[in-house]
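Architecture and fold: a report
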Amino acid sequence: MASTVRRTLGALLLGAVALTGCTTSPPEGGGTDPSATIGVDARAQALWAHRTAYVGDNSKVIALVGDAGFGPAGSFTLSLWTTSKPYAVTVALTDPAKPFGTTDFRAPATLLLGTVTNLDAVHVTAAGQTYSLTAQEASEALGHDVKTLGTDRAALDRYLRSLED
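Report follows, based on the coordinates. A quick note: this is a predicted structure, and the numbers were derived from the prediction, not measured. (Residues numbered from 1 in each chain as written. Predicted model: local features only at pLDDT ≥ 70, side-chain atom pairs only at ≥ 80, totals over all residues. Heavy atoms only, no water.)

**Quick look at the overall build of the protein chain**
Scanning the protein chain from terminus to terminus reveals 7 helices and 4 strands. In the protein chain, the succession of α and β elements from N to C terminus is α-α-α-α-β-β-α-β-β-α-α. Buried positions account for 42% of the 165 residues belonging to the protein chain. Taking contacts inside the protein chain between residues at least 6 apart in sequence as the whole, the part at least 24 apart equals 62%. Taken as a whole, the protein chain presents about 8500 Å² of accessible surface, with 56% of it coming from carbon and sulfur. (Helix = DSSP H or I, 4+ residues; strand = E, 2+ residues; numbered from the N terminus. Buried < 20%, exposed > 50% of the residue type's maximum accessible area, 1.4 Å probe, protein only. Contact = heavy atoms within 4.5 Å. Areas by Shrake-Rupley, 256 points an atom, 1.4 Å probe, with all protein chains shown as cover.)

**Looking at the pattern of salt bridges**
According to the stated counting rule, one finds 4 salt bridges in the structure shown. The closest approach of N and O atoms between Asp41 and Arg161, which form a salt bridge, is 2.5 Å. Pair noted here: Asp41 is in helix H3 (residues 40–50) and Arg161 is in helix H7 (residues 153–164), with a separation of 120 residues, a long-range link. A residue is classified by how much of its surface remains accessible, and Asp41, at 47% relative accessible area, is partly exposed. Since its relative accessible area comes to 41%, Arg161 is described here as partly exposed. One salt bridge in this structure joins Asp104 and Arg106, with 2.8 Å as the shortest N-O distance. Taking the relative accessible area as the measure of exposure, Arg106 reaches 45% and is therefore partly exposed. (Salt bridge = Lys/Arg side-chain N within 4 Å of Asp/Glu carboxyl O.)

**So, helix H5 (residues 106–115)**
For an α-helix, the turn length of 3.6 residues means that residues three or four places apart are oriented alike. In terms of residue burial, H5 counts as a mostly covered element, since 9 of its 10 residues are buried. Considered for burial, the residues of H5 that qualify are Ala107, Pro108, Ala109, Thr110, Leu111, Leu112, Leu113, Gly114 and Thr115.

**Some thoughts on the environment of Gly114**
One can find Gly114 in helix H5. Counting along the chain gives 35 residues from Gly114 to Leu149, while the straight-line C-alpha distance between them is 4.9 Å. If we skip the residues at most four places from it in the chain, Gly114 touches Val146, Lys147, Leu149 and Gly150.

**Side note on the side chain of Ser139**
Along the chain, the position of Ser139 falls in helix H6 (residues 135–142). What makes Ser139 buried here is its relative accessible area of 16%. Once residues lying within four places of it in the same chain are set aside, the contact partners of Ser139 are His144, Asp145 and Val146.

**Considerations on unusual backbone geometry**
Along the chain, Lys85 connects to Pro86 via a cis peptide bond; the corresponding omega equals 0°. Looking at where Pro86 falls in the secondary structure, it is placed in the loop between strand S1 (74–81) and strand S2 (88–96). Although it is not a glycine, Ala127 adopts a positive phi angle of roughly 45°. Locating Ala127 in the fold gives a position in the loop between strand S3 (121–126) and strand S4 (129–134). Since its relative accessible area comes to 82%, Ala127 is described here as exposed.

All quantities given are derived from atomic positions and should not be read as evidence of function.
Printed below as a string of structure tokens:
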């Protein structure tokens, strides 16, 4: 049992190290984030399909960052903090599409917190500025556990529709 835990933790650490510095920015020439061009139903389907129990599930977390809506914010790199609590994702904007202070990161951070079960915090950084949202803060703002977005498809749909209003 202890050996399995050590191997799992080692794999998560290796994944976090490998992912740090990976870019997931739109392609050159004006590509857009899928969440900016698809309807609520398709966005909900993408978020639902990529939801995961672990921050260390690199490919799903990368997909969820795009699905959640961080793509329109500009080019970015990701760092996953998976070795000890609090588990976190840092989205470092390397080429923000608009000024950091005018960008509302609350909805994409909430979606990411809701669709990654063990994710405790999301941090967004650019040019010395930081936006952070914890699962507890997101839950308080929603009026219910943010993790419900990853366990109840109807709750996810309702939240996405509320963003369109």
